[in-house]
Amino acid sequence: MWKKILNRQQILFSVRQYSRISPPQPAYADPVIRVSNNIAQLGGPKEGPKPRQLLSLPPFPAHPLPRKNSFSIPGQSTRVTAISWVKYYFDEISDTVIQSHFNKGLVQIECPISEDSYVDKEGHLKPLRKIRPNEVMEAGARVYIPVSVAETRISKRFDTIPSGTLYPNADEIEYLQRLVKYKDSAIIVLNKPPRLPVKGNLPVHNSMDALAAAALSYDYDEGPKLVHRLDRESSGLLLMGRTKESVDHLQWLFSDINKANFSCEAWNDAYEATYQRYWALVIGCPKQKEGLIRAPLSKVLLNDGKTERVILAHQNGLEASQEAITEYRLLGPKINGCSWIELHPLTSRKHQLRVHCAEALGTPIVGDYKYGWFVHQRWKQMPRVDIEPTTGKPYRLRRPEGLDVQKGSVLSKVPLLHLHCRELVLPNIAKFLQVLDQKSEKLHPALSSKPDLLRFVAPMPNHMKISWNLMSSYLV
């Protein structure tokens, strides 16, 4: 009998703890009283700012930056500050945006493991610290900055592509002239839009070479000629020569033959500094954050006997192959199954970057249906929701407002190719033309003040901007 009474008291006591008169104690270790609209509430402490998705800049080079004014101190080597290095890399971003990231303390740098090393022996993530804008960069130092620095507004202007006639009209000529980023007596540099073929033949008339011949001759008798090519679906910097001499030298510069040194040391140094860098969004994530792809390529014909395809050459294969080398670097972490990478081709082969990404790395480029068709069969229009590794909660998507979904971004059912030639550094051909033609062994005094190297950075097309803004809204 007494046992039953005790059990009833225990039950009543336990029920009373969870009744309305005596609510349960909060699960928070340190509860905080918050007052909102004159109502006090008991809750947990306010969540701090979530860590941001960081974009990795390449290691700071030991050689001087082309076309960048750096100051020097007597008795010391040329120095470049942190904000100058970030502004140099993001040449297309306004200075105020970069300055605001420094003011908010969002720019960080890797702490060296030892006095002379920035490399972790085990490859783990090295500790980061905030960096001041006037801090001097050291060779090999790597800067991290939130991807929000490259978020840009999407413009709906200038999206119309020329309709395709042998004789472009005034609107098409004006459209093509707006694409010109640089022009001098020897070269023209354009920011090619996607879906515009570079080399045309019947029945394709709206190619870049045909339109340039009609719209970009300016005060010359003939229009500029192509020096190198970009795929029709890709975008970015396209170089054209304005004279026969400049075209010959630029084609020789971009060829893979062994180049002989000239008597002019300035030209030799400028030639060694020539490079192209691409940005691409790939499906998946490379196993290594950076590396070198050395995979020869060969061309094969499909069963129809007409379609040509580039594949990785077999080591014991009988087909002819060409050497193909590409450096790659991961820009940031994997977000919703995709990753941004930077590609630096050391050779110029047809579809080299697309094949190396799809077959060598196993991460085909988004929108590459020719070499990544199997992965795109499972493509989802809306990216799936992943879990934040720090909090275990789903990502909070800040979807861009006022954007058309069907614009080829990762929000599209059929996204466009996400491959963009972003950066180009090459010698100033107009300065070295007389030296290359062997008319003189020394530069003309009037040309000495001109830069030895020219550097260009092109903003991404709209569909890649939308994908960048969308993926940067996922806070990691």
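Keep in mind that what you see is a predicted model, and the values were worked out from it rather than measured.

Conventions used here
Residues numbered from 1 in each chain as written. Predicted model: local features only at pLDDT ≥ 70, side-chain atom pairs only at ≥ 80, totals over all residues. Heavy atoms only, no water. Pairing = 2+ DSSP bridges. Helix = DSSP H or I, 4+ residues; strand = E, 2+ residues; numbered from the N terminus. Axes fitted to C-alpha atoms, helices over the stretch in contact; angles between N-to-C directions. Buried < 20%, exposed > 50% of the residue type's maximum accessible area, 1.4 Å probe, protein only. Core = buried A, V, L, I, M, F, W, Y, C linked by side-chain atoms within 4.5 Å. Contact = heavy atoms within 4.5 Å. Salt bridge = Lys/Arg side-chain N within 4 Å of Asp/Glu carboxyl O. Polar contact = N/O pair within 3.5 Å; in protein donor to acceptor, adjacent residues only side chain to side chain. Parallel < 35°, antiparallel > 145°, perpendicular 65-115°, else oblique. Nonpolar A, V, L, I, M, F, W, Y, C, P; charged D, E, K, R; others polar.

Peer 1: Explain the sheet that holds strand 6 (residues 143-146) here, please?
Peer 2: Backbone-to-backbone hydrogen bonds pair the strands of a sheet. The strands run either parallel or antiparallel. Here we have 4 strands laid out as an open sheet, ordered 3-6-4-5, and antiparallel in their pairing. A strand with exactly one partner marks an edge of an open sheet, and here the two such strands are strand 3 (54-56) and strand 5 (128-130). Between one strand axis and the next, the sheet turns through 35° on average, direction left out of account. For strand 3 and strand 6, the ladder comprises 3 bridges, and the chain directions are antiparallel. Paired with Leu54 across the two strands is Pro146, which belongs to strand 6.

Peer 1: How should I be thinking about helix 8 (residues 352-360) in this particular structure?
Peer 2: Think of an α-helix as turning once every 3.6 residues; residues three or four places apart then point the same way. Most of helix 8 is tucked away, with 7 of its 9 residues classed as buried. Following helix 8 by one or two positions, Gly362 has its phi on the positive side, about 75°.

Peer 1: Looking at this model, I keep getting lost on the nonpolar core. Mind explaining?
Peer 2: Soluble globular proteins: nonpolar side chains tend toward being buried together. Trp85, Phe90, Met137, Leu239 and Leu343 are the most contacted members of the largest nonpolar core, which has 96 residues in total. Sort the elements by how many residues they give to this core and strand 11 (residues 275-283) lands first, with 7 residues. Discounting residues that sit within four places of it in the chain, Phe90 has contacts with Leu55, Leu57, Ile98, Ile145, Val149, Ala150, Trp279 and Arg422. Counting residues in each nonpolar core, the second largest holds 6 residues, with Val310, Ala324, Val355 and Tyr371 among its members.

Peer 1: Help me out: how do you make sense of the pattern of salt bridges in this one?
Peer 2: Opposite charge on two side chains permits pairing when their charged atoms draw close. Here the structure, examined in full by the defined rule, presents 15 salt bridges. Its salt-bridge partner being Glu174, residue Arg178 comes within 3.5 Å of it at the nearest N-O pair. In this pair, Arg178 and Glu174 are both assigned in helix 4 (residues 170-178), 4 residues apart and thus about one turn of the helix distant. A salt bridge links Arg354 to Asp368; its shortest N-O distance comes to 2.7 Å. Here Arg354, found in helix 8, pairs with Asp368, found in the loop between helix 8 and helix 9 (373-376); they are 14 residues apart in sequence, far enough to count as distant. Overall, Arg354 belongs to the buried group, its relative accessible area being 10%. Linked through salt bridges whose partners overlap, the residues forming this network are Arg277, Arg329, Glu342, Glu423 and Arg455.

Peer 1: For this particular structure, what's the right way to read the side chain of Ser467?
Peer 2: Mapped onto the secondary structure, Ser467 falls in helix 11 (residues 462-472). Only 3.1 Å separates the side chain of Ser467 from the backbone nitrogen of Val410, close enough to count as a polar contact. Engagement of the side chain of Ser467 in a polar contact is seen with the side chain of His418, the distance being 2.8 Å.

Peer 1: Even after reading the chapter, I still don't get the pairing of strand 18 (residues 453-457), so can you show me in this structure?
Peer 2: Within a regular strand, side chains alternate between the sheet's two faces. With 5 of its 5 residues buried, strand 18 lies for the most part within the structure. Burial along strand 18 is two-sided: the residues Leu453, Arg455 and Val457 and Leu454 and Phe456 are all buried. Where strand 17 (residues 419-427) and strand 18 come together, 5 bridges link them in antiparallel fashion. The partner of Pro427 across the bridge, within strand 18, is Leu453.

Peer 1: Before we go on, may I ask you to explain the packing of helix 6 (residues 244-254) against helix 10 (residues 429-436) in this structure?
Peer 2: Each pair of packed helices gets described by two things: the angle between the helix axes and the distance between those axes. Taken N-terminus to C-terminus, the directions of helix 6 and helix 10 make an angle of 90°; their axes are 11 Å apart at the nearest point. Put simply, helix 6 runs roughly perpendicular to helix 10. Along its contact with helix 6, which presents Glu245, Ser246, His249 and Leu250, the element helix 10 presents Ile429, Leu433 and Leu436. A per-class count over the contact of helix 6 with helix 10 returns 4 nonpolar, 2 polar and 1 charged.

Peer 1: Explain the environment of Glu233 here, please?
Peer 2: Relative to the helices and strands, Glu233 resides in the loop between strand 9 (225-226) and strand 10 (235-241). In the structure, Glu233 is positioned 134 residues away from Gly367 in sequence and 8.9 Å away in space, judged by C-alpha atoms. If sequence neighbours within four positions are ignored, Glu233 has contacts with Pro194, Arg195, Leu416 and Leu417.

What is shown is where atoms sit, not what they do.
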